[in-house]
Amino acid sequence: METKILFVCLGNICRSPAAEGVFKRKIKDRNLESLFFVDSAGTGDWHVGNLADQRMRETASLRGIDLTSRSRQISGNDLYEFDRILVMDKDNLQAVNLLIQDQLRPINSKVELLLSYSKSTLLDEVPDPYYGGQDGFEVVLDLLDKAIDGLIDSLI
Ligand code: 4NP
């Protein structure tokens, strides 16, 4: 059976679509695609329906990673559909935990900070690049690269 993975950030236009794209690239390269279903979502709804931020798409594209997802907001249903929910920062974690509190029955998902899977950083949050410069998008991809290697290794 597929393991269903959901990456979550605030807007679902920078960090979590990049995490989705990096994860998909890596499982394709490792011939593991049949093991996973992968998606991303935001805790907010401001960008619903939009492609990922152009700066994030361009930075990812230069590393051979295509970002094609459209922004959507996380829903209560996701807490039952997905096996694993990986959040980018502690605000996302708090928002998902509030959604969990609204549920009337036990959820299926395990919710964790993505960077807990990285062996290469002392950071526990992926910094939000939205209001910063170009280097912020590179930092996001560097952090995601290592954390997602660790995540995949833990899942196979
Ligand atoms: P993301 O970045 O959570 O990584 O997608 C953001 C995108 C948009 C906004 C904030 C963060 N915003 O305030 O619109």
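Residues numbered from 1 in each chain as written. Predicted model: local features only at pLDDT ≥ 70, side-chain atom pairs only at ≥ 80, totals over all residues. Heavy atoms only, no water.

Novice: A description of the site of the ligand should follow, citing residues and the corresponding values.
Specialist: In the vicinity of the ligand, the residues found are Cys9, Leu10, Gly11, Asn12, Ile13, Cys14, Arg15, His47, Asp128, Tyr130 and Tyr131. Taking Asn12, its main chain carries an N or O atom lying 3.2 Å from an oxygen atom of the ligand. Here an oxygen atom of the ligand and a side-chain polar atom of Tyr131 are 3.2 Å apart. Isolated, the ligand exposes 350 Å² of accessible area, and the fraction of that covered by the protein chains is 92%. Of the residues contributing to the shell around the ligand, the split by class is six nonpolar, three polar and two charged. (Near = heavy atom within 4 Å. Polar contact = N/O pair within 3.5 Å; in protein donor to acceptor, adjacent residues only side chain to side chain. Areas by Shrake-Rupley, 256 points an atom, 1.4 Å probe, with all protein chains shown as cover. Nonpolar A, V, L, I, M, F, W, Y, C, P; charged D, E, K, R; others polar.)

Novice: If you had to explain helix 4 (residues 90–101) to someone new, which residues and values would you point to?
Specialist: Under the 1.5 Å per step criterion, the end-to-end length of helix 4 is 16 Å for twelve residues, consistent within 8% with the ideal 16 Å. Along helix 4, the positions that sit buried rather than exposed are Asn92, Val96 and Leu99. Each buried residue of helix 4 lies within a common arc of 50° when the element is viewed along its axis, so the set occupies one face. Facing away from the buried side of helix 4 by more than 90 degrees, the exposed set consists of Asp91, Gln94 and Gln101. (Helix = DSSP H or I, 4+ residues; strand = E, 2+ residues; numbered from the N terminus. Expected span 1.5 Å × (residues − 1). Buried < 20%, exposed > 50% of the residue type's maximum accessible area, 1.4 Å probe, protein only. Arc of directions from axis to C-beta.)

Novice: Which residues make up unusual backbone geometry, and what values do they have?
Specialist: At Asn12, a position not held by glycine, the phi torsion is positive, near 55°. Structurally, Asn12 can be placed in the loop between strand 1 (3–9) and helix 1 (15–29). Positive phi, normally seen in glycine, also occurs at Asn31, with a value near 60°. Mapped onto the elements of the fold, Asn31 is located in the loop between helix 1 and strand 2 (36–42).

By themselves these figures say nothing about function.
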